[in-house]
Amino acid sequence: MGELVKEIFYGSLSFYVFRGVYEPAEDTFLLARNLDVQEGERVMDVGTGCGILAILSAFKASWVLATDINPLAVRCARANAKRNGVLGKIDFLCGDLFGPLNRKPMFDLVLFNAPYLPMEEEPKELIDYAWHGGRSGRETINRFLSEVFDYLKYGGRILMVQSSLSNIEETLLALERKGFRAEITDEERFFFERIALIKAIKS
Ligand SMILES: C[S@@+](CC[C@H](N)C(=O)[O-])C[C@H]1O[C@@H](n2cnc3c(N)ncnc32)[C@H](O)[C@@H]1O
């Protein structure tokens, strides 16, 4: 087991947060409260962190794939899946976005609470991947947007969270160009930024 830093609670569930793993925050909860997983769906949680969104999804989904570039996160998410009794429904892979998949499973829903802070320097520690969006803040988001279409069924959807610090309008436009119907369906406002929940449907 990794080094436990904290235990956090969401509804009746609890989750370990290991050292070096993103602690669920407002962005996580914005996505969590908008999760619309239907019975039997196949869900991918990109950048799963401590696994909270994958685990919440697993109660209804038939299968969840959770990935993270941070191996500490994958270990933490697996421990939380076991703790919450859904280990048998979730597969975990460590790697960059869709890179670790050796085939193209088609999902009903892809989740991404994306790293979005503009940063000049390369990530120094694994935890830095949680917010490191490259120089523009959009590097990981843009790569995600260029690949996600191929992993979704027609009628399938994306639920992603993004900050106004990395240009939400550009994401909406990129999604429309790729053949999605995209809109902001919820948001949180802070004095320095706005975080938006973007829902996009492949049509
Ligand atoms: C803001 S955190 C969200 C964690 C969790 N989903 C949540 O909502 O609490 C972003 C997560 O994405 C992961 N991540 C960042 N870049 C990634 C990439 N290129 N591929 C896969 N995961 C990535 C980070 O390691 C981190 O766990």
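Further up the page is the structure itself.
Worth saying up front: this structure is predicted, and the values here are computed from it rather than measured.

**Points about the site of the ligand**
Logical step 1: The full set close to the ligand counts 21 residues, and Thr28, Gly47, Gly49, Asn113 and Tyr129 are the nearest of them.
Logical step 2: Those elements that place two or more of their residues in the shell around the ligand are helix H2 (52-58) and strand S4 (63-68).
Logical step 3: Along the lines of polarity and charge, the residues of the shell around the ligand split into eleven nonpolar, eight polar and two charged.

**Points about the environment of Gly49**
Logical step 1: Here Gly49 shows up in the loop between strand S3 (42-46) and H2.
Logical step 2: Given 28 C-beta atoms within a 10 Å radius, Gly49 is considered buried.
Logical step 3: C-alpha separation for the pair Gly49 and Pro115, spaced 66 residues apart in sequence, amounts to 11 Å.

**Notes on the sheet that holds S3**
Logical step 1: One open sheet holds the seven strands; their spatial order is S5-S4-S3-S6-S7-S9-S8, and the pairing between them is mixed. The sheet terminates laterally at strand S5 (90-94) and strand S8 (180-189), the two strands that pair on one side only. Strand-to-strand twist in this sheet, taken as the mean axis angle between neighbours without regard to direction, amounts to 15°.
Logical step 2: Where S3 and strand S6 (residues 107-113) come together, four bridges link them in parallel fashion. Bridge pairing in S6 places Val46 opposite Phe112.
Logical step 3: With respect to the sheet, helix H3 (residues 71-83) is in contact with S4 and S5, its orientation differing from that of S5 by roughly 170°.

**Considering the pairing of strand S7 (residues 152-163)**
Logical step 1: Within S7, nine of the twelve residues are buried, which leaves the element mostly enclosed by the surrounding structure.
Logical step 2: Here S6 pairs with S7 via six bridges, running parallel. Bridged to Phe112 within S7 is Met160.
Logical step 3: Crossover handedness for the path S6 to helix H4 (residues 139-147) to S7: right-handed.
Logical step 4: Looking at chain direction, S7 and strand S9 (residues 194-202) are connected through seven bridges and run antiparallel. The residue of S9 that forms the bridge with Ile158 is Ala200.

Rules behind the numbers
Residues numbered from 1 in each chain as written. Predicted model: local features only at pLDDT ≥ 70, side-chain atom pairs only at ≥ 80, totals over all residues. Near = placed C-beta within 6 Å. Helix = DSSP H or I, 4+ residues; strand = E, 2+ residues; numbered from the N terminus. Nonpolar A, V, L, I, M, F, W, Y, C, P; charged D, E, K, R; others polar. Buried ≥ 20, exposed ≤ 12 C-beta atoms within 10 Å, placed from the backbone. Pairing = 2+ DSSP bridges. Axes fitted to C-alpha atoms, helices over the stretch in contact; angles between N-to-C directions. Contact = placed C-beta atoms within 7 Å. Right-handed = clockwise from strand over helix to strand, strands pointing away.

Limitation: the analysis is restricted to geometry and does not speak to function.
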